[in-house]
Amino acid sequence: MNDPKPVRTIAVADLRYRGALPHIPDLLSTPSGQLSDRLHRPLRDLRISVTDRCNFRCSYCMPREVFDKDYAFLPQSSLLSFEEITRLARLFVAHGVEKLRLTGGEPLLRKNIEILIGMLAELRTPQGRELDITLTTNGSLLAKKAQSLKDAGLRRVTVSLDGLDDAVFRRMNDVDYPVADVLRGIEAAEKVGLAPLKVNMVVKRGTNDQEIVPMARHFRGSGAVLRFIEYMDVGASNGWRMDEVLPSAQVIRRIAEHFPLQALEASAAGETAERWRYVDGAGEIGVISSVTQAFCGDCNRARLSTEGQLFLCLFASQGQDLRGLLRGAYSDEQISAAIAHIWQARSDRYSQLRSAQGAELPAGQRRVEMSYIGG
Ligand code: SF4
């Protein structure tokens, strides 16, 4: 009789990314809303991953070889609850955060996410302003959920779409999902007023770069802002190679051959996209060039993983365990002081260093997976 096949288990995320319990400073000061890191970058943008699960297997983020049927996703108990996420968000807002982006995995897979959005929509900046609450989705569930997300208080969405051709789309996300359904989701979002809507296309040379001009042609004049993202060496599982990166300068050149473009100023500090407009007035596009034009200089983003680990860079390899403080009966003042202490000590600028030193990490270190902390 054949020996049973050995069960291959992959350590659950929190084993790999077990973050240290943050230091609590002795002096508990009242948040000023003007927190800056060691490179004088303010804390303005908090990305909150609400699930490590996704129904796509995009090769640049969650390759099926690693995230296969044996992959052990996080148990519900280790995820931050909506109350815990809202408590942390309130503390970050007091330190100057004005924008909350919900991510994943695929955030629309998190049950009752509208309830969380409603709780976050109650928060106000120290000046009494509403927060800019947005969400990044693969669009697969958007047609069904657009209205309820809007009603809950979501302002706008960013939809990931890596091509219009079904075969190319399948090569990028490794699932049998029709582009038409994502386009229906985009339509539904626009119809209920989740705008300005952004569409993100990750460009992988040799896989989907032939879709650049068709995508530009499709979204011209639609009101949606199409952004082209350079393929990045995020995480440790996507087998990234530099020769599969198509520099944004070439993306712009390809589009300009068909539709003349004009460069635009950044609309806000910390903006990741370089903006361009169609000279004929048919709208705007953007390029996000983490590999060839690093934008760490005014990076004002912090990232909260699905189970409360705080990461200070998309390419970080170590987080800080805020969940441990939440569940450890620390006061708001203590947790707030810990957050301030972490941000003030921040000097992350991986993309700048990559350009200067190359992408190698010190031995034993591994970059956190993008599906764990959101893009
Ligand atoms: S590499 Fe890190 S520091 Fe630089 S822009 Fe990206 S997240 Fe910010």
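Structure first, text after, so check above.
Residues numbered from 1 in each chain as written. Predicted model: local features only at pLDDT ≥ 70, side-chain atom pairs only at ≥ 80, totals over all residues. Heavy atoms only, no water.

A. Examining the sheet that holds strand E9 (residues 284–288) more closely. Taking strand neighbours across the sheet as the criterion, the 12 strands line up as E7-E8-E9-E6-E5-E4-E3-E2-E1-E10-E11-E12 in an open arrangement whose pairing is mixed. Every other strand in the sheet has two partners, leaving strand E7 (261–263) and strand E12 (320–321) as the edge strands with one partner each. Summarising the sheet, strand E5 (residues 198–203) and strand E6 (residues 225–230) pair through 6 bridges and their orientation is parallel. Directly across from Asn 200, in E6, lies its bridge partner Arg 227. (Pairing = 2+ DSSP bridges. Helix = DSSP H or I, 4+ residues; strand = E, 2+ residues; numbered from the N terminus.)

B. Examining the site of the ligand more closely. Lining the immediate environment of the ligand, one finds 13 residues, of which Cys 296, Cys 299, Cys 313, Leu 314 and Ser 351 sit closest. Contributions of two or more residues to the shell around the ligand are made by strand E10 (301–304) and helix H11 (350–357). Residue composition of the shell around the ligand, grouped by class: 7 nonpolar, 1 polar and 5 charged. (Near = heavy atom within 4 Å. Nonpolar A, V, L, I, M, F, W, Y, C, P; charged D, E, K, R; others polar.)

C. Molecular detail of unusual backbone geometry. Omega for the bond connecting Gly 104 with Gly 105 falls within 30 degrees of zero, at 15°, which places this linkage in the cis form. Inspection of the secondary structure assignment puts Gly 105 in the loop between strand E2 (99–103) and helix H3 (113–121). The step from Ala 195 to Pro 196 runs through a cis peptide bond, and the omega angle for that step is 0°. With respect to the element layout, Pro 196 can be found in the loop between helix H6 (179–192) and E5. Positive phi values are uncommon outside glycine, yet His 40 reaches one of about 65°. Within the secondary structure layout, His 40 lies in the loop between helix H1 (13–16) and strand E1 (45–49). A relative accessible area of 68% places His 40 in the exposed class. A positive phi is found at Ala 329, a non-glycine position, where the angle reads about 60°. With respect to the helices and strands, Ala 329 occurs in the loop between helix H9 (322–326) and helix H10 (332–344). (Buried < 20%, exposed > 50% of the residue type's maximum accessible area, 1.4 Å probe, protein only.)

D. How the structure looks around the packing of helix H2 (residues 82–94) against H10. Contact geometry for H2 and H10: axes closest at 10 Å, N-to-C directions at 60°. Taken together, the axes of H2 and H10 lie oblique to each other. As H2 runs across H10, the sense of the crossing is right-handed. Listed contacts from H10 to Arg 87, Leu 88, Arg 90, Leu 91 and Phe 92 of H2 are Asp 332, Ile 335, Ser 336 and Ile 339. Among the residues forming the contact of H2 with H10, the class breakdown is 5 nonpolar, 1 polar and 3 charged. (Axes fitted to C-alpha atoms, helices over the stretch in contact; angles between N-to-C directions. Parallel < 35°, antiparallel > 145°, perpendicular 65-115°, else oblique. Left-handed = near helix turned anticlockwise from the far one by under 90°. Contact = heavy atoms within 4.5 Å.)

E. Geometry of helix H7 (residues 212–219). Those residues of H7 that sit buried are Ile 212, Val 213, Met 215, Ala 216 and Phe 219. Looking straight down H7, one finds its buried side chains confined to an arc of 160°; they lie on one side. Its buried side turned inward, H7 meets H6, E5, E6, helix H8 (248–258) and strand E8 (274–278). Count one or two residues on from H7 and you reach Gly 221, which has phi positive near 70°. (Arc of directions from axis to C-beta.)

F. Layout of empty space enclosed by the protein. Taken as a whole, this structure holds 2 cavities of 30 Å³ or more when the rule is applied. One number sums up the size of the second largest cavity: a volume of about 40 Å³. In terms of lining, the second largest cavity is formed by Phe 56, Cys 58, Tyr 60, Asn 138, Ser 160, Leu 161, Asp 162, Phe 169 and Asn 173. Within the lining of the second largest cavity, the residues separate by chemical class into 5 nonpolar, 3 polar and 1 charged. (1 Å grid on protein atoms, 1.4 Å probe; cavity = no way out; pocket = protein on both sides within 12 Å on 5 of 7 lines; lining within 4 Å. Points joined across faces, edges and corners; volume = space filled by probe spheres on them.)

G. Expanded view of the environment of Phe 169. Here Phe 169 shows up in helix H5 (residues 166–173). Looking at Phe 169, the relative accessible area reads 2%, which means it is buried. Spatially, the C-alpha atom of Phe 169 lies 25 Å from that of Trp 276, the residues being 107 residues apart in sequence. With near-sequence residues (within four places) excluded, Phe 169 lies in contact with Phe 56, Leu 161, Asp 162, Gly 163, Asp 174, Tyr 177, Pro 178, Val 179 and Val 182.

H. Region of interest: the packing of helix H4 (residues 142–152) against H6. With their axes 8 Å apart at the nearest point, H4 and H6 run at an angle of 20° to one another. Our classification of the angle between H4 and H6 gives roughly parallel. Helix-helix and strand crossings are classified by hand; for H4 and H6 the assignment is right-handed. Contacts from Leu 142, Ala 143, Ala 146, Gln 147 and Lys 150 in H4 reach Arg 184, Gly 185, Ile 186, Ala 188, Ala 189 and Val 192 in H6.

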